Amino acid sequence: MKLIIESGATKSDWRVVSNQGEQVACFAASGTNVSTMPMGSVEAIITDICKQIIGQGIVIDSVYLYTAGVVTESVRASITQIFQTMFSAVSVEVEDDLTAAARAACGHHPGIVAILGTGSNSCQFDGEKIVKRIYSGGFVLGDEGSAATLGKLFIADLLKGLVPKYIADDFASRYQYDYAAIVENVYHSTTSPSAFLGGLAPFILEYYNDAYIRTLVDDNFRAFIRRSLKQYDVDRYPVGVVGGFGNALKSIFSEIATQEGITLSRFISSPIEELIKYHTI
């Protein structure tokens, strides 16, 4: 049996599948980011689910883990050791979330991948490996096209009185964030500033028919295309879009991509189903 895991920052999706791709079991767990979480916390999450799998009498012979923060070989070695301690004679492959997106969107074929979620990312894939990557920079230095950056742009304008009054008044009545609360959530949050900013996207998008909001949303996507996607071979390969934010706004993003001369291949909200196909077909 194969164990395929796709982990975001807040939750992870675990699937046990046969070599033919038949799903045998699924589990949900907390998310992992192995560059920011203590390895002890990562090990506790992995161990808990592995014990549940063993308890069901399932024999695992290969593990494929995709998680944020895989940047060093020592991290890969540490995670591999955890799985090999739980499952004897198991092969383990540990990759980052960008590789998950590339394999989900492109399969075994070359292409370009855009991640549009709370954050954003991108790469060019040759069918086997990532061959070019423009770093996103996170929501402070980049993340153009993401929900967090849209929230940041809106809040920055709100603080300077640039948001249309009727929208600003509605925001104030519904969220009741004064200046101090906004600063606290962005600069002193004990959870995730990007999650706070990205969480404002649904409110912002309610007003997409307003010219100011439409420009804010469209320019956020256009900046991502011009600053990131156009550095790849977009004249040769289509772009697959992965992530809930991009999937929710696919009509808007598709229109802007067409205006910018970008060909899109598909939209994928969550990579796990396509990863199962990648590893079994």
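One can find the structure itself at the top, above this paragraph.
Residues numbered from 1 in each chain as written. Predicted model: local features only at pLDDT ≥ 70, side-chain atom pairs only at ≥ 80, totals over all residues. Heavy atoms only, no water.

J.: Describe the packing of aromatic side chains, naming the residues involved and giving the relevant values.
T.: The full count for this structure, using the stated rule, is 14 aromatic pairs. Geometrically, the ring pair formed by F171 and Y175 is stacked, given 4.7 Å between the ring centres and 25 degrees between the ring planes. Here the residue F171 and the residue Y175 both occupy positions in helix α6 (residues 165–175), the gap between them amounting to four residues, near one helical turn. Classification of F171 by relative accessible area gives buried; the value is 2%. Centroid distance F171 to F203: 5.4 Å. Interplanar angle 65 degrees. Geometry classified as edge-to-face. Note that F171 is positioned in helix α6 and F203 in helix α9 (residues 201–206), a separation of 32 residues in sequence. This pair shows no difference in class: F171 is buried, exactly as F203 is. (Phe/Tyr/Trp six-rings, centres within 6.5 Å; stacked < 30°, edge-to-face > 60°. Helix = DSSP H or I, 4+ residues; strand = E, 2+ residues; numbered from the N terminus. Buried < 20%, exposed > 50% of the residue type's maximum accessible area, 1.4 Å probe, protein only.)

J.: I'd like to hear about the environment of L197, residue by residue, with values.
T.: Mapping L197 onto the fold places it in helix α8 (residues 193–198). Exposure remark for L197: the relative accessible area of 2% places this residue in the buried category. Once you skip the residues sitting within four places of it in the chain, L197 turns out to touch F139, A147, A148, G151, K152, I155 and V186. (Contact = heavy atoms within 4.5 Å.)

J.: Give a detailed account of helix α12 (residues 250–259), specifying residues and quantitative values.
T.: Here α12 has its buried residues at I252, F253, I256 and A257. Take α12 and look down its axis: the buried residues cluster within an arc of 130 degrees, on one side only. For α12, the exposed residues lying more than 90 degrees away from the buried face are S251, E255 and T258. Summarising the contacts, the buried residues of α12 are in contact with β6 (110–116), α10 (211–227), β9 (239–242) and β10 (264–268). Backbone geometry just downstream of α12 places G261 in the positive-phi region, at approximately 80 degrees. (Arc of directions from axis to C-beta.)

J.: Break down the sheet that holds strand β1 (residues 2–7) for me, with residues and values.
T.: With respect to topology, five strands assemble into an open sheet ordered β3-β2-β1-β4-β5, the strand pairing being mixed. Looking at strand neighbours, the two that pair on one side only are β3 (23–30) and β5 (91–95), the edges of this open sheet. Strand-to-strand twist of the sheet, defined as the mean angle between neighbouring strand axes without regard to direction, takes the value 15 degrees. Packed onto the sheet, helix α1 (residues 39–55) meets β1, β2 (11–17) and β3 and runs at close to 150 degrees relative to β3. (Pairing = 2+ DSSP bridges. Axes fitted to C-alpha atoms, helices over the stretch in contact; angles between N-to-C directions.)

J.: I'd like to hear about helix α13 (residues 272–280), residue by residue, with values.
T.: Of all nine residues that make up α13, seven are buried, and the element is covered over most of its length. Every buried residue belonging to α13 is among I272, E274, L275, I276, Y278, H279 and T280, and all of these are buried.

J.: So, the pattern of salt bridges: which residues are in play, and what are the values?
T.: A full pass over the atoms with the stated rule returns 18 salt bridges. Here E144 and R227 are joined by a salt bridge, their closest N and O atoms 2.6 Å apart. Note that E144 is positioned in the loop between α4 (138–141) and α5 (147–159) and R227 in helix α10, a separation of 83 residues in sequence. The salt bridge partner of R174 is D170, with a shortest N-O separation of 2.9 Å. Of this pair, R174 and D170 both sit in helix α6, four residues apart, which is roughly one turn of the helix. Connected through shared salt-bridge partners, D219, R222, R226, K230 and E260 make up one network. (Salt bridge = Lys/Arg side-chain N within 4 Å of Asp/Glu carboxyl O.)

J.: Can you break down the side chain of T149 residue by residue, with the values?
T.: Topologically, T149 is positioned in helix α5. Relative accessible area serves as the criterion here: at 5%, T149 is assigned to the buried category. Of note is the side chain of T149, whose polar atom sits 2.7 Å from the backbone oxygen of D143. (Polar contact = N/O pair within 3.5 Å; in protein donor to acceptor, adjacent residues only side chain to side chain.)

J.: Pulling in residues and values, what's your account of the side chain of R103?
T.: Position of R103 among the secondary structure elements: in helix α3 (residues 97–106). R103 gets classed as buried once you look at its relative accessible area, which sits at 9%. For R103, the side chain forms a polar contact with the side chain of Y278, separated by 3.4 Å. Every residue in contact with R103, bar those within four places of it in the chain, is listed here: Y66, E93, E95, F125, E128, L275, Y278 and H279.

J.: If you had to explain unusual backbone geometry to someone new, which residues and values would you point to?
T.: The backbone of Q176 sits at a positive phi, close to 55 degrees, despite the residue not being glycine. Residue position: Q176 is located in the loop between α6 and α7 (179–187).

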